[in-house]
Amino acid sequence: MKRRVVVTGMGIISPLGIGLEENWAAITEGRSGVGLISKFDTESFPVKIAGEVKGFTPENYIAHKDVKKMDTFIHFALVCSQFALQDSGYEVTESNAERTGVLVGVGLGGLPAIEKYHDIYNEKGVRKITPFFIPMLITNLASGQISIHTGAKGPNTCVSTACATGTHSIGDAAKLIQYGEADAMIAGGTESVITPLGVGGFSAAKALSTRNEDPQGASRPFDKDRDGFVIGEGCGVVVLEELEMAKKRGAKIYGEIIGYGLNSDAYHITATDPEGKGAARCIELALKSGGVNKEDIDYINAHGTSTSADATETIAIKSVFGKKARQLAISSTKSMTGHLLGAAGGVEAIFCIMALKHSILPPTINYTTPDPECDLDYVPNQAREKKIKIALSNSFGFGGTNGVLIFKKWMN
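Residues numbered from 1 in each chain as written. Predicted model: local features only at pLDDT ≥ 70, side-chain atom pairs only at ≥ 80, totals over all residues. Heavy atoms only, no water.

Q: Would you mind going over the environment of Leu197 in detail, with residue names and values included?
A: Looking at where Leu197 falls in the secondary structure, it is placed in helix H8 (residues 196-204). When its relative accessible area of 56% is taken as the criterion, Leu197 is described as exposed. The spatial distance from the C-alpha of Leu197 to the C-alpha of Ile114 is 9.9 Å, given a sequence separation of 83 residues. (Helix = DSSP H or I, 4+ residues; strand = E, 2+ residues; numbered from the N terminus. Buried < 20%, exposed > 50% of the residue type's maximum accessible area, 1.4 Å probe, protein only.)

What follows is the structure, encoded as structure tokens:
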């Protein structure tokens, strides 16, 4: 029998703010975190906007000697793990360390470090490359550094599945608890690649919005005038625990993970299957894994990137839910954060859980011109008060990888 898994702590850093309270306040107010890029000179770039994290100083949370050994995606992950553990009240001790694991993934890893030290190598030679260069950039060092700093000695691994990373990380971590490999997991996704190569690469792929004159209006999922996603950065980490253990220690419980699906389109390196078959099957797998009837879903946090794929996701939702699709509340919080790539699923899982807890549906902002191909209820422009019991979160990534999580409101 599968053990039940609950969320007892959450930590978040995004373009909307530092910490859970700042982020949720911005979400419910429908504020955008998108602005002009400040990290590098964009004069020669067709794209000049991004969702940058503002006001984050890693030295406020991490010893300076350690900060220098990490790239930004690790800074975000380590600090969000601190936030999540503090929020949960869970302490890694000698008695539980071997049953406490870490699974925090990243889509692209340490691209800023790669660019920085490539320039240093070209200018000053090989001897000026820091010995911490490789540990700065490899993807599993987000989990590794969290494990080292917390003392967690259980499963320690990393998922890297493009824009589905955060969702797969949380889902895989929940499975480890369900099947007895761990009792608690620190899980989520992180990303920071707003760099010349990061922005240049996505721009070359024609994936990004060029609405440079209107940064806050640029991310507009499901809107007819959407013209690409807005690249963002950040991190979302949750503490997961086996239910009975959490109850025994008197933990605050936010919600329960009841469903998880993952599969592949097997279609194209960057494009989704235009008929939405892979996404639809993934939603169905999540429903089946949790024994959830489609009629029980109240809210969907859509992948909703502000690209042509929004129409495909709409097709998939209609395919699964039929007439019920028109009764569902669906929103894309990427309209406010931009697309956080490997961090997106972690951040959006947190927004789902907060929606369940507070009975508030996040809006899809910048929804001004309806698209005939996207004709469902996307909670346009303003948050909506509504009591909901079960929420679903979609994540789809390059390479055709899909992930879906289902959360249930915790009833005391």
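Q: Before we move on, could you go through the side chain of Asn366 and cite the residues and values that matter?
A: One can find Asn366 in the loop between strand E12 (360-361) and strand E13 (384-385). On the accessibility criterion, Asn366 (14% relative accessible area) is buried. A distance of 2.8 Å separates the side chain of Asn366 from the backbone oxygen of Ser219, its partner in a polar contact. With residues near it in sequence (within four places) discarded, Asn366 still touches Gln216, Gly217, Ala218, Ser219, Arg220, Asp223, Ser335 and Asn381. (Polar contact = N/O pair within 3.5 Å; in protein donor to acceptor, adjacent residues only side chain to side chain. Contact = heavy atoms within 4.5 Å.)

Q: Give me unusual backbone geometry: which residues, what numbers.
A: Located in the positive-phi region is Ser359, a residue other than glycine, with phi close to 55 degrees. Here Ser359 is to be found in the loop between helix H13 (344-358) and E12. For Asn381, which is not glycine, the phi dihedral falls at a positive 70 degrees. Within the secondary structure, Asn381 is located in the loop between E12 and E13.

Q: Could you give an account of the layout of surface pockets, with specific residues and numbers?
A: In this approach a probe as big as a water molecule rolls over the atoms, and the regions it shows empty are the leftover space. There is about 440 Å³ of room inside the largest pocket. For the largest pocket, the lining is made up of 19 residues, of which Thr270, Ala271, Thr307, Ala309 and Phe398 are closest to its centre. Elements with a minimum of two residues in the lining of the largest pocket: helix H11 (309-321) and strand E14 (390-397). Within the lining of the largest pocket, the residues separate by chemical class into 9 nonpolar, 9 polar and 1 charged. Lining the second largest pocket are 15 residues, with Lys68, Met70, Lys116, Tyr117 and Met136 sitting closest to its centre. When contributions to the lining of the second largest pocket are tallied by element, the ones reaching two or more residues are helix H2 (64-67), helix H3 (72-88) and helix H4 (111-124). With 4 residues, H4 is the single largest residue contributor to the lining of the second largest pocket. Grouping the constituent residues of the lining of the second largest pocket by class yields 7 nonpolar, 3 polar and 5 charged. (1 Å grid on protein atoms, 1.4 Å probe; cavity = no way out; pocket = protein on both sides within 12 Å on 5 of 7 lines; lining within 4 Å. Points joined across faces, edges and corners; volume = space filled by probe spheres on them. Nonpolar A, V, L, I, M, F, W, Y, C, P; charged D, E, K, R; others polar.)

Q: So what's going on with the packing of aromatic side chains? Residues and values would help.
A: As enumerated under the stated definition, the model contains 9 aromatic pairs in all. Each ring, one from Phe202 and one from Phe229, has its centre 5.4 Å from the other, and the planes form 75 degrees; the classification is edge-to-face. Residue Phe202 is found in helix H8, and its partner Phe229 is found in the loop between H8 and strand E8 (234-242); the two are separated by 27 residues along the sequence. With respect to burial, Phe202 and Phe229 carry one shared label: buried. (Phe/Tyr/Trp six-rings, centres within 6.5 Å; stacked < 30°, edge-to-face > 60°.)

Q: Any chance you could break down empty space enclosed by the protein for me, citing the residues and the numbers?
A: The tally for this structure, following the rule as stated, stands at 1 cavity of 30 Å³ or more. Its boundaries defined by the atoms lining it, the largest cavity holds a volume of some 100 Å³. Every element with two or more residues in the lining of the largest cavity is listed here: helix H10 (277-290) and H11. Of the residues forming the lining of the largest cavity, the biggest block, 4 residues, is contributed by H11. Class assignment of the residues belonging to the lining of the largest cavity gives a composition of 3 nonpolar, 8 polar and 5 charged.

Q: Could you give me a rundown of the pattern of salt bridges, with the residues and numbers involved?
A: This structure, assessed with the given rule, holds 18 salt bridges. For the salt bridge of Asp223 with Arg220, the shortest nitrogen-to-oxygen distance reads 3.3 Å. Both residues of the pair, Asp223 and Arg220, belong to the buried class. For Lys247, the salt bridge identified is with Glu244, shortest N-O distance 4.0 Å. With Lys247 and Glu244 both in helix H9 (residues 243-248), this residue pair falls 3 residues apart, about one helical turn. Taking the relative accessible area as the measure of exposure, Lys247 reaches 46% and is therefore partly exposed. Each of Arg3, Arg99 and Asp183 takes part in one network of salt bridges that share partners. (Salt bridge = Lys/Arg side-chain N within 4 Å of Asp/Glu carboxyl O.)

Shape descriptors only; they carry no functional weight alone.
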